[in-house]
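# Notes for the structure review
So the chains spell out like this:
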Amino acid sequence: MVKIAPSILSADFANLGRDVERIEAGGADYVHIDVMDGQFVPNITFGANVVSAIRPTTDLVFDVHLMIVDPERFVDDFIKAGSDIITVHAESTTHLHRVIQQIKQGGAKAGVVINPGTPVAMIEPVLSMVDLVLIMTVNPGFGGQAFLPECLDKVSELAVLREKYDYHYEIEVDGGVDDKTAVACVNAGADVLVAGSYVYGVSDVAGQIAKLKEGGKK
Ligand code: DX5
Ligand code: ZN
């Protein structure tokens, strides 16, 4: 069964704790936390103190997507704040291998993510080390953008590489996921679907999560 990771980027920031509880009650598997610094992407969201503030409100897995320049500066803070998985952009650091080591040494699971314009070849040297590979299906920075179907070739490529080399990562997709694009993502080999505006865009959050799970059934 595909896992669902609602993104709180589209939640009500004045009621974050409530909105996290709503997805937990609605059957979400992870809570996807989009951290943006206004430099790596043209938008600013929140830092580690917000992650620690919502940590006591839920038992959900904290899936933290760092869209920040030189993430090695803040990884330890996000681990202390209660992150379970920390995912860093290959494009955001000179020392990708080192930051993945840092995340694992800190006791969290490590993920790597690539933008639509970046090939899988860029992250092949670290695939044996990571617990999660995130494929962006929009250019990061904002919720509510249109899904880029051409990115799905990379999902299939990662599924083939995992099989061939016996790697253990989950494949996650992020951006423009709804009940229709979810089907294409799962068919390509995605294990986890991030969805922001689709989940939080209507009041029946649980119903939206159920529709994604249904669409994601093979
Ligand atoms: C984009 C973020 C996504 C975003 C997805 O920069 O990484 O996680 O919240 O939002 P939707 O599902 O609305 O495309
Ligand atoms: Zn994200």
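Residues numbered from 1 in each chain as written. Chains lettered and ligands numbered in written order. Predicted model: local features only at pLDDT ≥ 70, side-chain atom pairs only at ≥ 80, totals over all residues. Heavy atoms only, no water.

## Re the coordination of the zinc ion (ligand 2)
Basically, it comes down to this: Metal donors: N, O and S atoms at distances within 2.8 Å, or within 3.2 Å for Na, K and Ca, with water omitted from the atom set so that some sites may seem incomplete. In these descriptions, tetrahedral denotes four donors with every angle between 85 and 135 degrees, square planar four donors and octahedral six donors with opposite donors over 155 degrees apart and the rest between 65 and 115, and irregular any other case. Strands are runs of DSSP state E lasting at least two residues, helices are runs of H or I lasting at least four, and both sets are numbered from the N terminus onward.
Only His32 (NE2), Asp34 (OD), His65 (ND1) and Asp174 (OD) from the protein coordinate the zinc ion (ligand 2), and they sit 2.1 to 2.3 Å from it. Angles of 69 to 170° at the metal separate the six donor atoms of the zinc ion (ligand 2), which places the site in the octahedral class. In the primary sequence, the donor residues of the zinc ion (ligand 2) line up as H-x1-D-x30-H-x108-D. Taken together, the positions of histidine 32 in strand β2 (residues 30-36) and aspartate 174 in strand β7 (residues 170-174) put the pair 142 residues apart, joining distant regions of the chain.

## Quick look at the environment of valine 160
For clarity, the cut-off: Three exposure classes are used, based on accessible area relative to the maximum for each residue type with a 1.4 Å probe and protein chains only: buried under 20%, partly exposed in between, and exposed over 50%.
Mapped onto the elements, valine 160 comes out in helix α5 (residues 152-165). Exposure remark for valine 160: the relative accessible area of 54% places this residue in the exposed category. Considered as a pair, valine 160 and glycine 189 are 29 residues apart in the sequence and their alpha carbons are 9.1 Å apart.

## Considering α5
Under the convention used in this document: A helix is expected to span 1.5 Å multiplied by its residue count minus one.
End to end, α5 covers 20 Å across 14 residues, agreeing with the expected 20 Å (1.5 Å per residue, within 8%). Regarding α5, the residues found buried are Leu152, Lys154, Val155, Leu158 and Leu161. Just beyond α5, the residue with positive phi is aspartate 166, at close to 60°.

## Observations regarding the pattern of salt bridges
This is how the line gets drawn: For this analysis, a salt bridge means a side-chain nitrogen from Lys or Arg found within 4 Å of a carboxyl oxygen belonging to Asp or Glu.
Across all of its chains, the model carries eight salt bridges by this definition. We note a salt bridge from aspartate 19 to arginine 22, for which the minimum N-O separation is 2.9 Å. Of this pair, aspartate 19 and arginine 22 both sit in helix α1 (residues 16-25), separated by three residues, roughly a single helical turn. Aspartate 19 gets classed as buried once you look at its relative accessible area, which sits at 2%.

## Structural notes on the nonpolar core
Put simply, the test is: As used in this record, nonpolar core signifies buried Ala, Val, Leu, Ile, Met, Phe, Trp, Tyr and Cys residues forming a set joined through side-chain atoms within 4.5 Å. Contacts were defined at the residue level, with two residues in contact if any of their heavy atoms lie within 4.5 Å.
Counting 66 residues, the largest nonpolar core has Ile8, Ile33 and Leu193 as the members making the most contacts within it. Ignoring any residue separated from it by four or fewer positions in sequence, one finds leucine 193 in contact with Val2, Lys3, Ile4, Ala5, Val173, Val177, Ala182, Cys185, Val186 and Leu212.

## Digging into unusual backbone geometry
With glycine set apart, most residues show a phi of negative sign, and most peptide bonds adopt trans. For aspartate 70, which is not a glycine, the phi torsion comes out positive at approximately 50°. In this structure, aspartate 70 sits in the loop between β3 (61-67) and α3 (75-80). Backbone geometry at aspartate 166 places phi at a positive 60°, although glycine is not the residue there. Tracing the sequence through the fold places aspartate 166 in the loop between α5 and β7.

## A closer look at the packing of helix α6 (residues 179-188) against helix α8 (residues 205-215)
Where we set the bar: For helices, the fitted line uses only the C-alpha atoms of the stretch in contact; every axis is such a line through C-alpha atoms, and the angle between N-to-C directions lies from 0 to 180 degrees. Handedness of a crossing is defined here by the sense of rotation of the near helix relative to the far one, left-handed for an anticlockwise turn of less than a right angle and right-handed for a clockwise turn. Nonpolar residues are Ala, Val, Leu, Ile, Met, Phe, Trp, Tyr, Cys and Pro. Charged residues are Asp, Glu, Lys and Arg, and all others, Gly as well, are polar.
Taken N-terminus to C-terminus, the directions of α6 and α8 make an angle of 35°; their axes are 8 Å apart at the nearest point. The hand of the α6/α8 crossing is right-handed. Across from Asp179, Ala182 and Val183 in α6, the residues of α8 making contact are Lys211, Leu212 and Gly215. Each residue belonging to the contact of α6 with α8 can be placed in one class, and the counts come to three nonpolar, one polar and two charged.

## Section: the site of ligand 1
The criterion, for reference: The nearness test applies per residue and asks whether one of its heavy atoms lies within 4 Å of the molecule or strand. Here a polar contact means two N or O atoms within 3.5 Å. Within protein one must be a hydrogen donor candidate and the other an acceptor candidate, and residues neighboring in sequence count only if both atoms are side-chain atoms. Areas reported as accessible are Shrake-Rupley estimates using a 1.4 Å probe. Residue values count occlusion only from the protein chains shown.
In the vicinity of ligand 1 there are 20 residues, among which Asp34, Gly141, Gly144, Asp174 and Ser197 approach most closely. Contact between ligand 1 and aspartate 174: an oxygen atom at 2.6 Å from a side-chain N or O atom of the residue. Contacts to ligand 1 include serine 197, whose side-chain N or O atom sits 2.6 Å from an oxygen atom. Its free accessible area being 380 Å², ligand 1 has 100% of it covered by the protein chains. Sorting the residues of the shell around ligand 1 by element identifies β2, β3 and β8 (192-195) as the ones contributing at least two each. Looking at the shell around ligand 1, the element that brings in the most residues is β2, giving three residues. Among the residues making up the shell around ligand 1, the classes are represented as eight nonpolar, 10 polar and two charged.

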